[in-house]
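Chain residues, written in single-letter form:
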Amino acid sequence: MILETLVEARSGHPGGSLSAVELVVALYYSVMKHDPKRPTWPERDRFILSKGHAAPLLYSVLAQQGYFSLEELKTLRKINSLLQGHPDPRKTPGVEMAAGSEGIGLSVGIGEALAAKIDNKDYRVYVMMGDGEMQEGQIWEAAMCASKYRLDNLCGIVDRNGIQQDGLTEQIMPIEPLASKWKAFNWNVIQVDGYNFEQILEAFNAASQMRNKPTVIIAHTTKGKGVEFMEWSPEYHGKVPDRKSIETIVKEWKSE
Amino acid sequence: MAQVLSPEEIGDILDKPKKGSMREAFGETLVRLGSELKDIVVVGADTTGSIKTSLFGAKYPERFFNVGIAESNLVSVAAGLGIAGKIPFASTYAVFAPGKCVDQIRNAIAYPEVNMKLVASHAGISVGPDGASHQELEDIATMRAIPNMHVVIPSDPNSTSRLVEILARDKGPYYMRIARPDCPFIYSAAQASSIRKGGSMTVRDGSDATIIACGLLVYEALIAARKLATENSLNVRVIDMLSIKPIDEMAIIKAASATGGIVTAEEHNVIGGLGGAVAEIVVENYPVLMRRIGTQDTFGESGESGELMIKYGLTASNISAKILELKNLDRK
Ligand SMILES: Cc1ncc(C[n+]2csc(CCOP(=O)(O)OP(=O)(O)O)c2C)c(N)n1
Ligand SMILES: [Mg+2]
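Residues numbered from 1 in each chain as written. Chains lettered and ligands numbered in written order. Predicted model: local features only at pLDDT ≥ 70, side-chain atom pairs only at ≥ 80, totals over all residues. Heavy atoms only, no water.

**Quick look at the overall build of chain A**
Right, so step 1: Along chain A, the regular secondary structure elements total 10 helices and 5 strands.
Right, so step 2: In terms of principal-axis extent, the alpha carbons of chain A reach across some 50 × 45 × 35 Å.
Right, so step 3: Out of the 256 residues belonging to chain A, those deemed buried represent 57%.
Right, so step 4: For chain A, long-range pairs separated by at least 24 residues make up 74% of all intrachain contacts whose partners lie at least 6 apart in sequence. (Helix = DSSP H or I, 4+ residues; strand = E, 2+ residues; numbered from the N terminus. Buried < 20%, exposed > 50% of the residue type's maximum accessible area, 1.4 Å probe, protein only. Contact = heavy atoms within 4.5 Å.)

Rendered as structure tokens:
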């Protein structure tokens, strides 16, 4: 569905939308407390897609959950659409924060987590980041801040797909050793296979049990997951495959 | 100033437009200058393929640095290279630089007057489907408000090349903004070579009113001027304001006194951009009626770039409508 949406829009970021499907599905289908009929319900758990270019993934899940109709997906990136190229909370029900400029979401998540502490509310805040996004200095300002305030209601997720726009993260600007960096900033660090639901659910559960520390889940994923010619190909970070190849893929998936 | 293009040339540009890419012109010019000016260094931030500075990286890998997704680092590293005697070109999308690092640009570059060139691509609403988050409409205002900063805006691929050359050879902090879509050529390389530091180009002469435009709107201004000539018998001057700071004050004052009314057109918020800069000169020297075309203090949205230009009024027809509005007020 993500792919069909992107083909309809003729532009967008397929690679980073496909790599994190299982993680976002796990959140919306079993981890998070939320209500599609009340997108602004004050008690809801929050999900911030800091890597906003994966908007098609978020929109597909929100539509499936009933935040808006599946028909809307066809208008992605088109003029006058509810569905902007990057998330816009004023236009799209269920979108928590405007994103598109990487590096900002974790700090915003801190703000929402602090507000929960002030108000004695028990909602949790989830922030999905890209691995290339780890290169933004603000991520580490936020990392320091969240552990200072012992934000155990905050959970970061890093989509560790190894690729950014110009190439491989470890060639463009190495981010390893990533887990030890987060540990050094005093975070609870959990590593999972980003396609293993059992591990993913266990990790979210462990994060919610953790006291006095924020948790980061480093999810090992594959950019362009599920589409053989897109996997591990930086080219498909910001390029949409043609309609024909997508139709073939979708047929294969459906027959599986 | 005599007009740069002959009526036949303008006709050719409008009837048989030849298109090219500002980004490619930027990347290719860096490669060409790189062999002569060994001090040119290029810094990128994970958008080097898109902005074509990767061309320079392929040719001169030892003078090319990719700092990753880290724009504050991008411009600050470039500042250090400039202080150490290099000619640094830093570039990424305009929403991220200057967007994400005005502090570093102000304090580490403009204040100490460092020789550093920031070239931002994907400026304006013509970015298209990525939407408002990626459509920088405030950069002219922020950059021109910073002391010591030069601000230049090419209108086609050849003026892009020419301005890159001026930036490389002049000392000091510069901001240049280019657009994402391919665009029609306005100048031949020879015509573009007469672009001077701080100068404008009068691409079409006229005496009934003046359009002062920058970037992609210069072409729209030429279309509008022709329409006004054929449909309304108005002879309208068109000035391409390639340098917003310093700005060509004489060209503005002369246009005000000789033609009486001015419409500005830019792919930027009407607050603080080209329109504001022109108005500042006009009111202090030769007040005439003006209209400013730009986005009306609003964010953009997703859509095809052409559709957005129409929806937000950044078109030839809006320019000609505003000229007619001025002429009608004139008569009253
Ligand atoms: C601050 C900022 N700089 C640059 C960009 C342009 N850009 C869009 S996506 C991208 C690469 C993202 O890589 P990563 O964070 O690893 O995301 P993913 O691989 O999950 O798509 C870049 C550089 C951006 N969106 N934000
Ligand atoms: Mg990545």
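Still more ground to cover, so stick around.
**As for the pattern of salt bridges**
Right, so step 1: Overall, the coordinates contain 28 salt bridges over all chains when judged by the stated rule.
Right, so step 2: Salt-bridge contacts for E96(A) lead to R44(A); the nearest nitrogen and oxygen are separated by 2.9 Å. Residue E96(A) is located in the loop between α4 (55-65) and α5 (105-118), and its partner R44(A) is located in the loop between α3 (21-31) and β1 (46-49); the two are separated by 52 residues in the primary sequence.
Right, so step 3: Owing to a relative accessible area of 13%, R44(A) belongs among the buried residues under this scheme.
Right, so step 4: Salt-bridge contacts for R32(B) lead to E165(B); the nearest nitrogen and oxygen are separated by 3.8 Å. Taken as a pair, R32(B) in helix α2 (residues 22-36) and E165(B) in helix α8 (residues 157-169) lie far apart in primary sequence, 133 residues in all.
Right, so step 5: In this structure R32(B) comes out as partly exposed when scored by relative accessible area, which is 46%.
Right, so step 6: On the basis of relative accessibility, which here comes to 18%, the residue E165(B) falls in the buried class. (Salt bridge = Lys/Arg side-chain N within 4 Å of Asp/Glu carboxyl O.)

**Re helix α10 (residues 217-232) of chain B**
Think of an α-helix as 3.6 residues a turn; residues three or four steps apart then line up on the same face.
Residue and element names in this part refer to chain B.
Right, so step 1: Between its first and last C-alpha atoms α10 spans 21 Å; for 16 residues at 1.5 Å apiece the expected length is 22 Å, and the two agree.
Right, so step 2: Taken together, the buried positions of α10 are L217, V218, Y219, A221, L222, A224, A225 and L228.
Right, so step 3: Backbone geometry just downstream of α10 places S233 in the positive-phi region, at approximately 50 degrees. (Expected span 1.5 Å × (residues − 1).)

**With respect to the packing of aromatic side chains**
Right, so step 1: If you walk through the whole model with that rule in mind, you get 9 aromatic pairs over all chains.
Right, so step 2: Arranged with centres 5.1 Å apart and planes meeting at 45 degrees, the rings of W140(A) and F185(A) form a pair that is tilted. Residue W140(A) is located in helix α6 (residues 137-148), and its partner F185(A) is located in the loop between α8 (178-184) and β4 (188-193); the two are separated by 45 residues in the primary sequence.
Right, so step 3: When its relative accessible area of 14% is taken as the criterion, W140(A) is described as buried.
Right, so step 4: The interplanar angle of 35 degrees and the centroid separation of 6.1 Å between the aromatic rings of Y93(B) and F96(B) together place this pair among those described as tilted. The exposure classification of Y93(B) matches that of F96(B), with both residues buried.
Right, so step 5: Put simply, the rings of W140(A), W182(A), F185(A) and W187(A) touch in pairs and so form one group of aromatic residues.
Right, so step 6: Residue placement shows R63(B) over the ring face of Y60(B); its charged tip is 4.3 Å from the ring centre. (Phe/Tyr/Trp six-rings, centres within 6.5 Å; stacked < 30°, edge-to-face > 60°. Lys NZ or Arg CZ within 6 Å of the ring centre and 35° of its normal.)

**A closer look at the layout of surface pockets**
Right, so step 1: Of the voids in this model, the second largest pocket is the one considered here, and its volume is about 460 Å³.
Right, so step 2: In this structure, the second largest pocket is lined by 24 residues; those nearest its centre are A98(A), A99(A), A132(B), S133(B) and F299(B). (1 Å grid on protein atoms, 1.4 Å probe; cavity = no way out; pocket = protein on both sides within 12 Å on 5 of 7 lines; lining within 4 Å. Points joined across faces, edges and corners; volume = space filled by probe spheres on them.)

**Things to note about the pairing of strand β5 (residues 117-121) of chain B**
Residues and elements named next belong to chain B.
Right, so step 1: Of all 5 residues making up β5, 5 are buried, and the element is well covered by its neighbours.
Right, so step 2: Along β5, one buried face is formed by K117, V119 and S121 and the opposite face, lined by L118 and A120, is buried too.
Right, so step 3: In the sheet, strand β4 (residues 87-93) pairs with β5 via 5 bridges, with the strands oriented parallel. By the bridge assignment for β5, A90 is matched with L118. (Pairing = 2+ DSSP bridges.)

Taken by themselves, the reported measurements are silent on function.
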